[in-house]
Number of protein chains: 2
Amino acid sequence: MNVLPPALSELIDAFNALPGVGPRTAERYAYWFVRHDLNAGSRLAAALTALPSGIGYCEKTFALIPADQQYSDLYTDPRRDKTVVAVVAEPFDILAIEKTSQYHGTYHVLGGLVSPIDGISPEQLHIKELLQRIDEDNVTELILATNASVEGESTALYIQQQIGPKKIKISRLARGLPIGVDLEYADQITLGRAIEHRQILSQPDNGNK
Amino acid sequence: MNVLPPALSELIDAFNALPGVGPRTAERYAYWFVRHDLNAGSRLAAALTALPSGIGYCEKTFALIPADQQYSDLYTDPRRDKTVVAVVAEPFDILAIEKTSQYHGTYHVLGGLVSPIDGISPEQLHIKELLQRIDEDNVTELILATNASVEGESTALYIQQQIGPKKIKISRLARGLPIGVDLEYADQITLGRAIEHRQILSQPDNGNK
């Protein structure tokens, strides 16, 4: 005997398939449509249906773009500095960096990180295309904006090795104490990194500046 | 300039409308469809589209049922005791009670709780139908399974008053310490209630049992 109507169970199961959505949360979402407005789901349904035909990948940066475009606006915009490239693992990392409004260069999405455990080798990532871009766009600085995880660090190292003799500036995002976090609450590794990469405010001017 | 393709922004906005889903979570859900499989959304879309025509309300208990049924299986099943009725606020409360496998009576969904602040008066709830059921089904026990909130308590009190002279057993769900919670971590009100409604294990047999 079904306690819930099959139409509702199916909706709960479909929500349950989403990442981080357990049975309870799936029930809450499904029930919201029942309580709120049975037809409210049409917007979400339409958005889901339109998704596959609505998005594509930039041929240059591999960022997510509208399906009818060839290149990302963040690449073609003349105000963006094409000689500076931030290398990110996933398309959504671009969104995070854009929200800071601090960056005016372009992006390059790797499409993942090197991970022998998950069977992801460097050849599967867009590293070849990155090396090509460095030449084509006369890139002068590469910001390796991958996570500070084992995969993120080793991917950054791999890219650094691939670029090798090319004389361009390569940087990583600064690691240190997050804004608003007290010293006493910082974890040891973060605090250790913050001490190691301490920022010099002033020093005696004894020749070796 | 849009950082994200409109098809993706729209999907994020649609997820963002769900209860308890903030912009970050909405992004995570939307991006899952991009990463996982662009067509994976079709299942959720189909479930959402099928929902309005797939569910209805039991004419007797107001539980959620398949649209092509008239009564809830939990009511028509001959194994369920129609003389015992658990009164709940929302249809999903039934699911919570059913999961315990401890209850073999029937249900009555009020469709909310009396709440002057939200403008919900007793007339808007299925209380009239409940009183009718008590007569029709010769109900002998009513379990007022509403929450221990102000609204839940006052709704239970209201129903109790409405039944008035009718000689039936009326009960509330037991309040006390949850299983697995240590005394020292229990909140004062819960602990107070647990002391007040302490369960007698044995007592001297001095006539007034």
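Just so it is clear, the model here is predicted, and its values are computed rather than measured.

Visitor: Please set out the nonpolar core residue by residue, giving values where relevant.
Guide: Within the largest apolar cluster, 49 residues are counted, with the highest numbers of intra-cluster contacts made by A:Leu8, A:Phe15, B:Leu8 and B:Phe15. At the level of secondary structure, the elements contributing two or more residues to this core comprise helix 1 (6-16), helix 2 (23-36), helix 3 (41-54) and helix 5 (91-99) of chain A together with helix 1 (6-16), helix 2 (23-36), helix 3 (41-54) and helix 5 (91-98) of chain B. By residue number, the principal contributor to this core is helix 2 of chain A, which donates 7 residues. Beyond its immediate stretch of four places on either side in the chain, A:Phe15 contacts A:Val21, A:Ala26, A:Tyr29, A:Ala30, A:Phe33, A:Leu44, B:Phe15, B:Leu18, B:Leu44 and B:Leu48.

Visitor: Hey, could you go over the interface of chain A and chain B for me, with residue numbers and the actual values?
Guide: Across the boundary between the two partners, chain A contributes 57 residues, which contact 56 residues of chain B. In total, about 5300 Å² of surface goes out of reach between chain A and chain B, with carbon and sulfur atoms giving 73% of it. Between chain A and chain B we count 6 salt bridges in total. The partner of B:Glu90 in a salt bridge is A:Arg35, and the shortest N-O contact between them spans 2.7 Å. One can count 11 residue pairs in polar contact (both at pLDDT 80 or more) joining chain A with chain B. Going through the elements one at a time, helix 1, helix 2, helix 3, strand 1 (55-57), strand 2 (64-66), helix 4 (73-76) and helix 5 of chain A are the ones with two or more residues in the side of chain A that touches chain B. For the side of chain A that touches chain B, the element with the most residues is helix 3 of chain A, which contributes 11 residues. For the side of chain A that touches chain B, the class distribution of residues is 38 nonpolar, 7 polar and 12 charged.

Visitor: Pulling in residues and values, what's your account of the sheet that holds strand 5 (residues 141-144) of chain A?
Guide: All names here are of chain A. Within the open sheet, the 4 strands sit side by side as 4-3-5-6. Their pairing is parallel. With one partner strand each, in any of the chains shown, strand 4 (105-109) and strand 6 (169-172) form the two edges of the open sheet. Averaged over all adjacent pairs, the angle separating strand axes in this sheet is 25°, with direction ignored. Relative to strand 5, strand 3 (residues 81-88) is paired through 4 bridges, and the arrangement is parallel. When the sheet's bridge partners are listed, Val87 is paired in strand 5 with Leu144. Helix 5 contacts strand 3 and strand 4 of the sheet and is inclined by roughly 155° relative to strand 4. Sitting on the sheet, helix 6 (residues 127-136) is in contact with strand 3, strand 4 and strand 5, with an inclination near 155° to strand 4.

Visitor: Which residues make up the sheet that holds strand 4 (residues 105-109) of chain B, and what are the values?
Guide: Residue and element names in this part refer to chain B. Pairing is parallel in the open sheet, where 4 strands are placed in the order 4-3-5-6. Edge positions in the open sheet fall to strand 4 and strand 6 (169-172), since each of these has one partner strand only. This sheet shows a mean twist of 25° between the axes of neighbouring strands, independent of strand direction. Here strand 5 (residues 141-144) pairs with strand 6 via 4 bridges, running parallel. Following the sheet pairing, Ile143 is matched in strand 6 by Ser171. Sheet strands touched by helix 5: strand 3 (81-88) and strand 4. Its angle to strand 4, the strand with the most contacts, is close to 155°.

Visitor: Break down the packing of aromatic side chains for me, citing the residues and quoting the values.
Guide: The final tally for this structure, using the stated rule, is 13 aromatic pairs over all chains. When the ring of A:Tyr29 is compared with that of B:Tyr29, the centres are 6.1 Å apart and the planes differ by 70°; the resulting orientation is edge-to-face. Here B:Tyr29 lies in helix 2 and A:Tyr29 lies in helix 2, a pairing that spans two chains. Residue B:Tyr29 is classed as buried on the basis of its relative accessible area of 2%. With a centroid separation of 6.3 Å and an interplanar angle of 45°, the aromatic rings of A:Tyr71 and A:Tyr75 are classed as tilted. Under the relative-accessibility criterion, A:Tyr71 is labelled partly exposed at 31%. Residue classification places A:Tyr75 among the buried residues on the basis of a relative accessible area of 8%.

Visitor: Can you explain the relation of the copies chain A and chain B? Please cite residues and give values.
Guide: Note on the identical chains: chain A maps onto chain B by a rotation of 180° and an axial translation of 0.0 Å, with an RMSD of 0.1 Å. Read as a symmetry element, the transformation amounts to a two-fold axis. Across chain A, the rotation axis passes nearest the C-alpha of A:Ala45, at a separation of 2.0 Å. The overlap is high: 98% of the interface residues of chain A also sit at the interface in chain B, so the same surface is used on both sides.

Visitor: Can you explain the side chain of A:Arg133? Please cite residues and give values.
Guide: Residue and element names in this part refer to chain A. Looking at the element boundaries, Arg133 is found in helix 6. Arg133 gets classed as buried once you look at its relative accessible area, which sits at 2%. Ignoring anything within four residues of it in the chain, the contact list for Arg133 reads Lys60, Thr61, Tyr75, Val85, Thr106, Tyr107, His108, Asn138 and Val139.

Visitor: Before we move on, can you summarise unusual backbone geometry with the specific residues and values?
Guide: The phi dihedral of A:Ser101 is positive, around 55°, even though this residue is not glycine. Looking at where A:Ser101 falls in the secondary structure, it is placed in the loop between helix 5 and strand 4. Non-glycine residue B:Asn138 carries a positive phi angle of around 50°. Mapped onto the elements of the fold, B:Asn138 is located in the loop between helix 6 (127-136) and strand 5. Judged by its relative accessible area of 55%, B:Asn138 is exposed.

Cut-offs applied
- Residues numbered from 1 in each chain as written.
- Chains lettered and ligands numbered in written order.
- Predicted model: local features only at pLDDT ≥ 70, side-chain atom pairs only at ≥ 80, totals over all residues.
- Heavy atoms only, no water.
- Core = buried A, V, L, I, M, F, W, Y, C linked by side-chain atoms within 4.5 Å.
- Buried < 20%, exposed > 50% of the residue type's maximum accessible area, 1.4 Å probe, protein only.
- Helix = DSSP H or I, 4+ residues; strand = E, 2+ residues; numbered from the N terminus.
- Contact = heavy atoms within 4.5 Å.
- Buried area = accessible area lost by both parts, 1.4 Å probe.
- Salt bridge = Lys/Arg side-chain N within 4 Å of Asp/Glu carboxyl O.
- Polar contact = N/O pair within 3.5 Å; in protein donor to acceptor, adjacent residues only side chain to side chain.
- Nonpolar A, V, L, I, M, F, W, Y, C, P; charged D, E, K, R; others polar.
- Pairing = 2+ DSSP bridges.
- Axes fitted to C-alpha atoms, helices over the stretch in contact; angles between N-to-C directions.
- Phe/Tyr/Trp six-rings, centres within 6.5 Å; stacked < 30°, edge-to-face > 60°.
- Least-squares fit on C-alpha atoms with pLDDT ≥ 70 in both.

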